[in-house]
Amino acid sequence: MSVIKANDPKLRSWVDVPAESDFPIQNLPFGVFRTEAQLPRVGVAIGDKVLDLKALHILGYLENLPFTLDDFLCDNLNRMMRHGKQATRDLRNRVSKLLSSDMPDLRDRDHHVRQVLVSQHEVQMLLPVKVGDYTDFYSSMDHARNVGMMFRDPEKALLPNWKHLPVGYHGRASSIVVSGTPVHRPLGQTNASDDSMPSFGPSRQVDFELEVAFITYDGKALGERISTSQADDFIFGLVLFNDWSARDIQRWEYVPLGPFLSKNFGSVVSPWVVTLDALEPFRVSGPLQDPPVLPYLRYDGNKHINIDLEVAIRPEGAAETVVSRSNYRHMYWNMNQQLAHHTVNGCNIRCGDIMASGTISGPTEGSFGSMLEIAWKGTRPVPMSDGSSRAFIQDNDTVILRGRTSNSGIQIGFGACEGMILPALGEGA
Ligand code: MN
């Protein structure tokens, strides 16, 4: 791999970066933003600011890179991503160079700085990619085991296939929304007491799922596969992902083809895509996989990533309460294995596909990634700051996911992934 100069922990930016910021110069995540006066465009986060790549391109700072103005004057990152891994790596290295404290080119041109830097408070962040297909895996062993214990046999919590392949299902792309977009409580069929007739109405068990998702570049042709060693070249970056789930609807509908309407009423992504390049310094080893996996799922090197994750619930008008602290490294299956498995039958992936991890639960009670597990099927409600308690998510609650990682004195993060549940619409039968 070519050296990623933008990851040098010694770099400092001439743009002021607050000490606790998720976006120091070693991060430089990509997103799409708009202002009141301007059309959607591509930007890079630095401290409390957004660097406008469209303006930067017009001013000539991105020359000798393969990008055109249209790649940045665009309401999604797909056009930019179509240029592939090396081009976007070169772009991030260029941005890093322009923002580093010892480079005067942009720093000393005040009239240019005013055109390319916008305060994050003045922009609206949009869904970063035009989502092609959305796949959701089920790759956290602690989560799969918890759910298996609750709904099946505690002695056989993991199904026989679980340690041999990264279980997943095809989700729905159309209802993926950006952080800050509220979603209505879904209506649907439930059958809590296994009566002969189901009931219909608003779900009473709306839940979050703490997940991390990766976004792909264009893959190979239909019929060709991507190996675990090639997978990194097809992954652009990562976002936080809240896969809203209605447990009561899910329980009744999921047999035999898996979840359907319990999962497709909304999923929330964080607006800044943290590149896989930026996360390279934070790689860690994964768990020992026993029994050994089939040859096509073997991998070399450290392919897991150490990302501290946190979930908070903010009831309407109250302060937030942190309900879980977990880590992305708890995954049993890593992204390389997920992508190798996804394509092993010849399935083709496309630029802008979103592949989510599945609920990430750690091994201890404080690290579970859903209310289903945290409140253990409603039996252990969690106290909130306003004196109320939660077994599941109530109307007008906001759920906030956060993710951060640190190494060598550098801390980078994802910003927040926020979503609110609104009351159900039109509660008819
Ligand atoms: Mn999920």
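Residues numbered from 1 in each chain as written. Predicted model: local features only at pLDDT ≥ 70, side-chain atom pairs only at ≥ 80, totals over all residues. Heavy atoms only, no water.

**Points about the nonpolar core**
Counting residues in each nonpolar core, the largest one holds 55 residues, and the members touching the most others are Phe208, Leu238, Trp244, Ile305, Tyr328, Met371 and Ile393. The leading source of residues in this core is strand β26 (residues 410-422), at five residues. Filtering out sequence-adjacent residues up to four positions away, Ile393 remains in contact with Arg185, Val206, Asp207, Phe208, Trp244, Ile313, Met371, Val399 and Ile421. In terms of nonpolar packing, the next biggest core, distinct from the first, is built from 47 residues, Val113, Leu117, Val129 and Tyr169 among them. (Core = buried A, V, L, I, M, F, W, Y, C linked by side-chain atoms within 4.5 Å. Buried < 20%, exposed > 50% of the residue type's maximum accessible area, 1.4 Å probe, protein only. Helix = DSSP H or I, 4+ residues; strand = E, 2+ residues; numbered from the N terminus. Contact = heavy atoms within 4.5 Å.)

**Quick look at the coordination of the manganese ion**
On the protein side, the manganese ion has Asp136 (OD), Glu209 (OE), Glu211 (OE) and Asp243 (OD) as donor atoms, found 2.1 to 2.2 Å from it. Coordination of the manganese ion draws on donor residues from a single chain, spaced D-x72-E-x1-E-x31-D in sequence. Here Asp136 is found in strand β6 (residues 134-137), whereas its partner Glu211 is found in strand β13 (residues 210-216), with 75 residues between them in sequence. You'll find Asp136 and Glu211 in the same group, each marked buried. (Donors = N, O, S within 2.8 Å, 3.2 Å for Na, K, Ca; no water.)

**Regarding the pattern of salt bridges**
By the definition in use, this model includes 25 salt bridges. The shortest N-O distance in the salt bridge between Arg404 and Glu20 comes to 3.6 Å. Highlighted residues: Arg404 in strand β25 (residues 398-407) and Glu20 in the segment before β1 (30-34), separated in sequence by 384 residues. Between Arg314 and Glu418 there is a salt bridge, with its nearest N and O atoms 3.2 Å apart. A residue pair is termed long-range when its members are at least 10 positions apart, and Arg314 in strand β20 (residues 308-314) and Glu418 in strand β26 qualify at 104 residues. Note on Glu418: relative accessible area 24%, which makes it partly exposed. A single salt-bridge network, built from bridges that share partners, covers Asp207, Glu209, Asp243, Arg247 and Lys263. (Salt bridge = Lys/Arg side-chain N within 4 Å of Asp/Glu carboxyl O.)

**Some details on the packing of aromatic side chains**
Summed over all chains, the structure comprises eight aromatic pairs. With a centroid separation of 5.2 Å and an interplanar angle of 40°, the aromatic rings of Tyr134 and Phe241 are classed as tilted. Note that Tyr134 is positioned in strand β6 and Phe241 in strand β14 (residues 235-242), a separation of 107 residues in sequence. Like Phe241, Tyr134 is buried. Geometrically, the ring pair formed by Trp162 and Tyr332 is tilted, given 5.3 Å between the ring centres and 50° between the ring planes. Of this pair, Trp162 sits in the loop between α7 (141-151) and β7 (168-170) while Tyr332 is found in the loop between β21 (321-327) and α10 (335-343), placing the two residues 170 residues apart along the sequence. Taking relative accessible area as the criterion, Tyr332 reaches 3% and is therefore assigned buried. Put simply, the rings of Phe30, Tyr217 and Phe236 pair up and form one aromatic cluster. Lying over the aromatic face of Phe151, Lys377 brings its terminal NZ or CZ to 5.2 Å of the ring centre. (Phe/Tyr/Trp six-rings, centres within 6.5 Å; stacked < 30°, edge-to-face > 60°. Lys NZ or Arg CZ within 6 Å of the ring centre and 35° of its normal.)

**Here's the deal with the domain arrangement of the protein**
The assigned domain composition of the protein is domain 1 (5-126) and domain 2 (134-422). Centre-to-centre, using C-alpha coordinates, domain 1 lies 29 Å away from domain 2. In total, domain 1 and domain 2 occlude about 2400 Å² of area from one another, counting both sides; carbon and sulfur atoms represent 58% of this. The three residues of domain 1 that bury the most area against domain 2 are Asp22, Met81 and Lys85, which together make up 28% of that side's buried surface. (Domains from an automatic or database assignment. Buried area = accessible area lost by both parts, 1.4 Å probe.)

**Describing the side chain of Gln338**
The topology assignment puts Gln338 in helix α10. Residues within four places of Gln338 in sequence aside, it is in contact with Phe137, Ser139, Pro166, Phe214, Met331, Trp333 and Ser357.

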